[in-house]
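Chain and residue survey
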Amino acid sequence: MFEIIEGFTFAGKSTMEQGFRLVGRDAPTPSEKEIVESVPFAQGVYDFSAIMGDRVYENRTITYQFLLLQSDYPHRKIAEIQIKNWLMTPFIQPLYDTHDYGYHWLGKFTSVSVDDSHHDGTLVVSAEFNAYPFMIADLPEGNDVWDTFNFELDVAQTVEYKVIGSKTITLYNLGGRSIAPKITASSKMSIIMGGTTYSVPAGESKSETFRLSVGVNTLTINGTGTIKFEFYKELMA
């Protein structure tokens, strides 16, 4: 029997398990949220789209096309009802695509259409997914799962430190956008990054004002205790 190895898993079910064969996938890059101003008597325009440090994007559309083969008419009609209810009922969920191993998309299906062919007994399903613009890593940075390590996209790094007085560390964000990490500290501390001092309370915290830029981030931590940074790589794919 032909093994189906490509497809996606969404809301606890997969297209592979249900016998749908992937015949098309389209994931164009998302549109940018542009803020452009044309100033009278000045050449060109002023682009403020990345004024906060990142280019900002709209959600993206991912489209799939699947084929169900060798099925009688009653089976095809039941399959049509099942797949529409499966995909269109849940709200925002992670979508795991076999094309993007180790990552997932986040969003919801917005359209499911079906073409039922009586001539050859096939059911063609077209499904449109409205997704967050970046794909998100399944595992946090600093994980030690060697089998999933990608030498092209990943970096081995430490994300938990013991601090006595002061300690300078380096965190790497190899994603496509800045990220606000979740910080867990055993006691109150402070972080100096880029000339700015950030206060870190004891326990878990997260602030959108403290963000790891794309690339290398050098931090000086002041305090006594342990501190851990949790963040997930986000890539444009």
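Our subject is the structure that appears above.
Here's what I pulled together on the structure shown here. It should be emphasised that the depicted structure is a prediction, and the values quoted were computed from it without experimental measurement.

1. Quick word on the layout of surface pockets
In this structure, the largest pocket spans a volume of roughly 470 Å³. Lining the largest pocket are 25 residues; nearest its centre among them are Asn143, Thr148, Phe149, Asn150 and Asp154. Of the residues contributing to the lining of the largest pocket, the split by class is twelve nonpolar, seven polar and six charged. Of the pockets and cavities examined, the second largest pocket occupies roughly 250 Å³. Here the residues of the lining of the second largest pocket sort into six nonpolar, two polar and five charged.

2. A short note on unusual backbone geometry
We note that Ala11 has phi near 55°; this positive angle belongs to a residue other than glycine. Summarising the element assignment, Ala11 is placed in the loop between strand S1 (8-10) and strand S2 (13-14). Under the relative-accessibility criterion, Ala11 is labelled partly exposed at 34%.

3. Some points on the packing of aromatic side chains
Counted by the stated rule, this structure contains eleven aromatic pairs. Pairing Phe10 with Phe109 gives two aromatic rings, centres 5.0 Å apart and planes at 85°, and the pair type is edge-to-face. Placement of Phe10 in strand S1 and of Phe109 in strand S8 (residues 103-117) is noted, with a sequence separation of 99 residues between them. Since its relative accessible area comes to 4%, Phe109 is described here as buried.

4. Things to note about the pairing of strand S12 (residues 182-185)
The alternating pattern of S12 places Ile183 and Ala185 on a buried face, while none of Lys182 and Thr184, on the opposite face, is buried. For S12 and strand S16 (residues 215-230), the ladder comprises four bridges, and the chain directions are antiparallel. Bridge pairing in S16 links Lys182 to Glu230. Bridging between S12 and strand S15 (residues 203-205) involves three bridges; their strand directions are antiparallel. Bridge pairing in S15 places Thr184 opposite Glu204.

5. Notes on the side chain of Thr122
Of note, Thr122 is situated in strand S9 (residues 122-131). If near-sequence neighbours (up to four positions away) are discounted, Thr122 is found in contact with Leu67, Leu68, Leu69, Arg76, Asp115, Asp116 and Ser117.

6. Comments concerning the environment of Pro94
Structurally, Pro94 is set in strand S7 (residues 93-97). Residues in contact with Pro94, not counting those within four places in the same chain, are Thr9, Phe10, Ala11, His104, Trp105 and Leu106.

7. Points about a nonpolar patch on the surface
On the surface, Ile35, Val39, Tyr46, Phe48, Ile51 and Met52 cluster together to form a nonpolar patch covering roughly 640 Å² of accessible area. For Ile35, the location among the structural elements is in the loop between strand S3 (21-26) and strand S4 (36-37).

8. Looking at the nonpolar core
If you look at the biggest cluster of nonpolar residues, it comprises 25 residues, and the most contacted ones within it are Phe8, Phe10, Tyr64, Leu87, Leu95, Phe109 and Phe129. Counting residues per element, the ones that place at least two in this core are S1, strand S6 (60-68), helix H1 (73-88), S8, S9 and strand S10 (135-137). No other element matches S9, which puts five residues into this core. Discounting chain neighbours no more than four positions away, the residues touching Tyr64 are Phe8, Leu22, Gly24, Arg25, Leu95, Asp97, Phe109, Val125, Ser126 and Ala127. Of all hydrophobic cores here, the second largest spans 20 residues; its members include Leu171, Ile191, Leu212 and Phe229.

Calculation notes
- Residues numbered from 1 in each chain as written.
- Predicted model: local features only at pLDDT ≥ 70, side-chain atom pairs only at ≥ 80, totals over all residues.
- Heavy atoms only, no water.
- 1 Å grid on protein atoms, 1.4 Å probe; cavity = no way out; pocket = protein on both sides within 12 Å on 5 of 7 lines; lining within 4 Å.
- Points joined across faces, edges and corners; volume = space filled by probe spheres on them.
- Nonpolar A, V, L, I, M, F, W, Y, C, P; charged D, E, K, R; others polar.
- Helix = DSSP H or I, 4+ residues; strand = E, 2+ residues; numbered from the N terminus.
- Buried < 20%, exposed > 50% of the residue type's maximum accessible area, 1.4 Å probe, protein only.
- Phe/Tyr/Trp six-rings, centres within 6.5 Å; stacked < 30°, edge-to-face > 60°.
- Pairing = 2+ DSSP bridges.
- Contact = heavy atoms within 4.5 Å.
- Patch = residues over 30% accessible without salt bridge, like charges linked within 9 Å, V, L, I, M, F, W, Y side chains within 5 Å.
- Areas by Shrake-Rupley, 256 points an atom, 1.4 Å probe, with all protein chains shown as cover.
- Salt bridge = Lys/Arg side-chain N within 4 Å of Asp/Glu carboxyl O.
- Core = buried A, V, L, I, M, F, W, Y, C linked by side-chain atoms within 4.5 Å.

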